[in-house]
Amino acid sequence: MPDSSKSTTRAGSTDRLVVVYNANAGWASALMDTAHKLIRPETYECSLCMISYGAVSMRRRWRKYLDGLALEKRFHHRQDFARAYPADCFPMVDGLNLSAIFIEAGGELHCLLSSKQLDSLTDVEALITAVDLALNRFRK
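Keep in mind the model is a prediction, meaning the values are calculated, not measured. (Residues numbered from 1 in each chain as written. Predicted model: local features only at pLDDT ≥ 70, side-chain atom pairs only at ≥ 80, totals over all residues. Heavy atoms only, no water.)

Trainee: Give a detailed account of the overall build of the chain, specifying residues and quantitative values.
Mentor: A count of helices and strands for the chain gives six helices and four strands. Traced from its N-terminal end to its C-terminal end, the chain shows the element sequence β-α-α-α-β-α-β-β-α-α. With the model as given, the accessible surface of the chain reaches about 8,100 Å², and the carbon-plus-sulfur share is 54%. (Helix = DSSP H or I, 4+ residues; strand = E, 2+ residues; numbered from the N terminus. Areas by Shrake-Rupley, 256 points an atom, 1.4 Å probe, with all protein chains shown as cover.)

Trainee: Give me the lowdown on the sheet that holds strand β3 (residues 100-105), citing residues and values where you can.
Mentor: Strand order across the open sheet formed by four strands is β2-β1-β3-β4, with mixed pairing between neighbours. Every other strand in the sheet has two partners, leaving β2 (72-77) and β4 (108-113) as the edge strands with one partner each. Taking the axes of each pair of neighbouring strands and ignoring which way they run, one obtains an average angle of 25° across the sheet. With five bridges connecting them, strand β1 (residues 16-21) and β3 associate as antiparallel partners. By the bridge assignment for β3, Val18 is matched with Phe102. The sheet contacts of helix α3 (residues 60-68) involve β1, β2 and β3, and relative to β2 the element is tilted by about 135°. Of the strands in this sheet, β3 and β4 touch helix α6 (residues 124-139), which is tilted by about 135° from β4. (Pairing = 2+ DSSP bridges. Axes fitted to C-alpha atoms, helices over the stretch in contact; angles between N-to-C directions. Contact = heavy atoms within 4.5 Å.)

Trainee: Residue-level account of the side chain of Asp80, with values.
Mentor: Positionally, Asp80 belongs in helix α4 (residues 78-84). As a buried residue without a salt bridge, Asp80 has its nearest oppositely charged side chain in Arg83, at a separation of 4.8 Å. From its side chain, Asp80 meets the backbone nitrogen of His77 in a polar contact 3.1 Å long. (Buried < 20%, exposed > 50% of the residue type's maximum accessible area, 1.4 Å probe, protein only. Lys, Arg positive; Asp, Glu negative; His and termini not counted. Salt bridge = Lys/Arg side-chain N within 4 Å of Asp/Glu carboxyl O. Polar contact = N/O pair within 3.5 Å; in protein donor to acceptor, adjacent residues only side chain to side chain.)

Trainee: Let's hear about the side chain of Ser99: which residues, and what values?
Mentor: Within the fold, Ser99 resides in the loop between α4 and β3. Here Asn22 takes part through its backbone nitrogen, which lies 3.3 Å from a polar atom of the side chain of Ser99.

Trainee: So what's going on with the confidence of the model for the chain? Residues and values would help.
Mentor: In the predicted model, the chain carries a mean pLDDT of 82, and 74% of its residues have values of at least 70. Within the model, pLDDT remains below 50 along residues 1-13, and this stretch shows 21 contacts once partners closer than five positions in the same chain are excluded. (pLDDT = per-residue confidence, 0-100.)

Trainee: Break down the environment of Phe90 for me, citing the residues and quoting the values.
Mentor: Assignment of secondary structure puts Phe90 in the loop between α4 and β3. Sequence separation between Phe90 and Glu108 is 18 residues, and the spatial gap between their C-alpha atoms is 7.5 Å. Look past the residues within four positions of Phe90 in its chain and what remains in contact with it is Ala84, Tyr85, Gly107 and Leu109.

Written out as structure tokens, the structure is:
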């Protein structure tokens, strides 16, 4: 649980980082995804997964970065994201390509990094830099 006195976003302690993977939930899907990333990484559809996860777990540097953010974090696969943020309540998600990283503030969802932006990143350090820049833009 983040320390609300250290919240660095404009909407306060209820802000949360929402990380959405373009992948299915569940162990069977995770096994298939791992095999796909190893065998044909150039065709794998989740650039965020490729950058932030190794074969079986979140990359240590990304985990450390996320742990250092004074924000609550929520992680979703595409199906549970659609259930948690239905388009009739959050119109901006209708037809949105995934993966994406959002910030939820004041009951609204704001895209920090789109699928296209994530597709352009090549490693964890670039991802961290992009998230930092996006958070700084959001705070202004």
